[in-house]
Amino acid sequence: MRDTPLSRFLDEFRRNKVATGAAVFVFVIVFIALIAPLVTPQDPYDLAHLVLRDARRPPGYVGTGGYTHWLGTDSQGRDLLSAIIYGLRISLQMGIIASGTAFVIGAVVGCAAAYIGGRFESLVMRIVDLQLSFPAILLAFVIAAILGQGRYQLILALIFAQYAYFARTAHGAAAAERQKDYVEAALSIPLSPWRVVLRHILPNSLPPLIVVATVQIASAISLEATLSFLGVGLPPTEPSLGMLIANGFQYLLSGRYWISIYPGLALIIFIVSLNLVGDQIRDQLNPRLRR
């Protein structure tokens, strides 16, 4: 095998057994979520085929569809295992789209501010700092409440709540790169300012941004679940994990614990796994954190 930076990175990553196990678990969950219609006994979106007689049944119950509800059913008669897999699918879509868009916006804004400097840099970074002074959940909640329920509205709320983290990180990395000789050489050719930013400064500022991206994907998933739980996220017809937890919350004291507990456990385990992977990537890309 050729000794490349990628091979060295993967070899060092494999040395951490916990992070490797977490990465394998994340990939398995992503794969299952992608093929959800093929592995789940029920489509929780198909409201016409939900049977209320099967609602709030305990784990192991055999429903009218002839299959076993291994994790029980919720208050709408949805098979919880199917709803959790579909909920993870929605959470992944929301997290990747929102974090990816916030990554692009924040990286461009931060690098442009570092390159242009002056009043533009001061104005942009003061706006970013002001936004970072508020909790992300508060910003996302306000934007989601203004825009209303819906997938696209929620994505916009998540982007607005997250782009500042990427902008601040990109600005710090780009400000250091801006002082290096290769940037001055590129400007002396001369190249256009945007070409210098996008083709020279931004690529060399990616390592810290990649670390932030792994953390923010997990953050976006937890934000989506929180907003759906509070009733300002996805509509009730889309069984996200937050919506499943909210639907079962009222039944916790009645003994029907599985309606909330199992989606909550799935959400916690998945987010912890993503954070373990992100921590290992951070340790490898940041020499100061190497042990």
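Predicted model, so just to flag it, every value in this text is computed and none were measured.

1. Quick word on the overall build of the protein
Each helix and strand counted, the protein has 12 helices and 2 strands in total. Starting at the N terminus, the α and β elements of the protein follow one another as α-α-α-β-β-α-α-α-α-α-α-α-α-α. Projected onto its principal axes, the C-alpha coordinates of the protein cover approximately 75 × 50 × 30 Å. Out of the 291 residues belonging to the protein, those deemed buried represent 44%. Restricting to contacts in the protein with at least 6 residues of sequence separation, those with at least 24 account for 69%.

2. Concerning the confidence of the model for the protein
Per-residue confidence for the protein gives a mean pLDDT of 88; residues scoring 70 or more make up 97%. Helix 8 (residues 181-187) is the least confidently modelled element of the protein, averaging 77 in pLDDT, while helix 2 (residues 17-34) averages 94, the highest of any element.

3. Quick notes on the packing of helix 7 (residues 151-178) against helix 10 (residues 206-230)
It is the contact of helix 7 with helix 10, at a shortest axis distance of 10 Å, that shows an interaxial angle of 160°. Considering the angle they form, helix 7 stands roughly antiparallel to helix 10. Judged by the sense of rotation from one axis to the other, the crossing of helix 7 with helix 10 is right-handed. For the pair formed by helix 7 and helix 10, the contact residues are Leu 154, Leu 158, Gln 162, Tyr 165, Phe 166, Thr 169, Ala 170 and Ala 173 on the first element and Pro 208, Leu 209, Val 212, Ala 213, Gln 216, Ser 219, Ala 220, Leu 223, Glu 224 and Leu 227 on the second. Considering only residue class, the contact of helix 7 with helix 10 consists of 13 nonpolar, 4 polar and 1 charged.

4. Details of the pattern of salt bridges
If the charged atoms of two oppositely charged side chains come close together, the side chains can form a pair. Under the defined criterion, the tally for this structure stands at 7 salt bridges. Notably, a salt bridge pairs Asp 129 with Arg 168, separated by 2.5 Å at the nearest N-O pair. Here Asp 129, found in helix 5 (residues 118-132), pairs with Arg 168, found in helix 7; they are 39 residues apart in sequence, far enough to count as distant. Note that Lys 180 is salt-bridged to Glu 177, the shortest N-O span being 3.1 Å. Look at Glu 177 and you get buried, because its relative accessible area is 10%.

5. Re the packing of aromatic side chains
All told, the structure shown has 7 aromatic pairs when counted by the stated rule. Ring centres 5.8 Å apart and planes at 90° place the aromatic pair Phe 229 and Phe 249 in the edge-to-face group. Linking Phe 229 in helix 10 with Phe 249 in helix 11 (residues 241-249), this pair joins segments that are 20 residues apart in sequence.

Rules behind the numbers
Residues numbered from 1 in each chain as written. Predicted model: local features only at pLDDT ≥ 70, side-chain atom pairs only at ≥ 80, totals over all residues. Heavy atoms only, no water. Helix = DSSP H or I, 4+ residues; strand = E, 2+ residues; numbered from the N terminus. Buried < 20%, exposed > 50% of the residue type's maximum accessible area, 1.4 Å probe, protein only. Contact = heavy atoms within 4.5 Å. pLDDT = per-residue confidence, 0-100. Axes fitted to C-alpha atoms, helices over the stretch in contact; angles between N-to-C directions. Parallel < 35°, antiparallel > 145°, perpendicular 65-115°, else oblique. Left-handed = near helix turned anticlockwise from the far one by under 90°. Nonpolar A, V, L, I, M, F, W, Y, C, P; charged D, E, K, R; others polar. Salt bridge = Lys/Arg side-chain N within 4 Å of Asp/Glu carboxyl O. Phe/Tyr/Trp six-rings, centres within 6.5 Å; stacked < 30°, edge-to-face > 60°.

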